[in-house]
Amino acid sequence: MPYRPMMFALALCLPTMVQAATVTIDVRGPDGQPLTDAVVVVDVPGAGRATPRGPYVMEQKAIAFQPHVLVVPVGASVTLPNRDTVRHHVYSFSKAKKFDLKLYGKEDQRSIVFDKPGVVALGCNIHDTMSGFIFVTTSPFADKTDARGRVQLADVPAGTATISVWSPSIRATGNMLSQSVAIGAAGFATTIAIRR
């Protein structure tokens, strides 16, 4: 029986496993329809910070920012390439990140590091109709809703958490709604309806 003491010692060194769950959130707009590109963030006490993995890209294509909403962790470097045949002048006056990228042409690109959490609204000085958003978060559990208005976040620790939903169509402070929830080991699912 020479292996039992070693196995026992190894068992004592293993960390306690935290139960993880899948969180599913459906977001509906004021018209009751699925709300696309709403950002859902689950904040869990003690869960740690999101780690940039990238690459993160916000293209200028067809005279639009694509994707319209990009979710990145704090510290992420985002590349902003111009895929159009015309030049763009990208800027933001947002509190989380102010910048001004002077005119640059097709297949040129610039990169910006987003070092503070918050919503960064993008515009183009040449094309007033262009708008986009970079949502910068510390939470490792954040994503945007798909065409069905749904987000699924895996490996969220069970316990008390705060779920926040952000969208420019939300008429609340910071365009965000938040609520406290209890996430069980079997998972958590809910529908959040945005009111006018």
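Taken together, 4 strands build an open sheet; the order of strands is S13-S2-S15-S16 and the sheet is antiparallel. A single partner strand is all that each edge strand has here, and the edge strands are strand S13 (142-144) and strand S16 (176-183). Averaged over all pairs of adjacent strands, the angle between their axes in this sheet comes to 20 degrees, without regard to strand direction.

Once that is clear, we can look at the confidence of the model for the protein. In low-pLDDT regions, the fine details of the predicted coordinates are not to be read closely. For the protein, per-residue confidence averages 90 on the pLDDT scale, and residues scoring 70 or more make up 91% of the total. Confidence, read as mean pLDDT per element, is least for helix H1 (residues 4-13) in the protein (39) and greatest for strand S6 (residues 69-73) (98). In the model, residues 1-17 has pLDDT below 50 throughout and makes 0 contacts with residues more than four positions away in sequence or in other chains.

This part takes up the side chain of Ser 92. Mapped onto the elements, Ser 92 comes out in strand S8 (residues 88-94). In terms of polar contacts, Ser 92 uses its side chain to reach the backbone carbonyl oxygen of Lys 97, at 3.2 Å. If we skip the residues at most four places from it in the chain, Ser 92 touches Lys 97, Lys 98, Phe 99, Val 120, Ala 121 and Leu 122.

It is worth spelling out the sheet that holds strand S10 (residues 109-114) at this point. What the 3 strands build is an open sheet, ordered S3-S7-S10; its pairing is mixed. Edge positions in the sheet fall to strand S3 (56-57) and S10, since each has one partner strand and no second. With 6 bridges joining them, strand S7 (residues 76-81) and S10 adopt antiparallel strand pairing. If you follow Thr 79 over to S10, its bridge partner there is Ser 111.

You can see Asp 37 is positioned in the loop between strand S1 (20-28) and strand S2 (39-43). Here Asp 37 is in contact with His 68, Val 69, Lys 144 and Thr 145, once residues within four sequence places are set aside.

In this section: the pairing of strand S15 (residues 159-166). Looking at chain direction, S2 and S15 are connected through 5 bridges and run antiparallel. Note on S15: the bridge partner recorded for Val 40 is Val 165. Alignment of S15 against S16, held across 8 bridges, turns out to be antiparallel. Residue pairing across strands places Gly 159 opposite Ile 183, the latter belonging to S16.

About the criteria used
- Residues numbered from 1 in each chain as written.
- Predicted model: local features only at pLDDT ≥ 70, side-chain atom pairs only at ≥ 80, totals over all residues.
- Heavy atoms only, no water.
- Pairing = 2+ DSSP bridges.
- Helix = DSSP H or I, 4+ residues; strand = E, 2+ residues; numbered from the N terminus.
- Axes fitted to C-alpha atoms, helices over the stretch in contact; angles between N-to-C directions.
- pLDDT = per-residue confidence, 0-100.
- Contact = heavy atoms within 4.5 Å.
- Polar contact = N/O pair within 3.5 Å; in protein donor to acceptor, adjacent residues only side chain to side chain.

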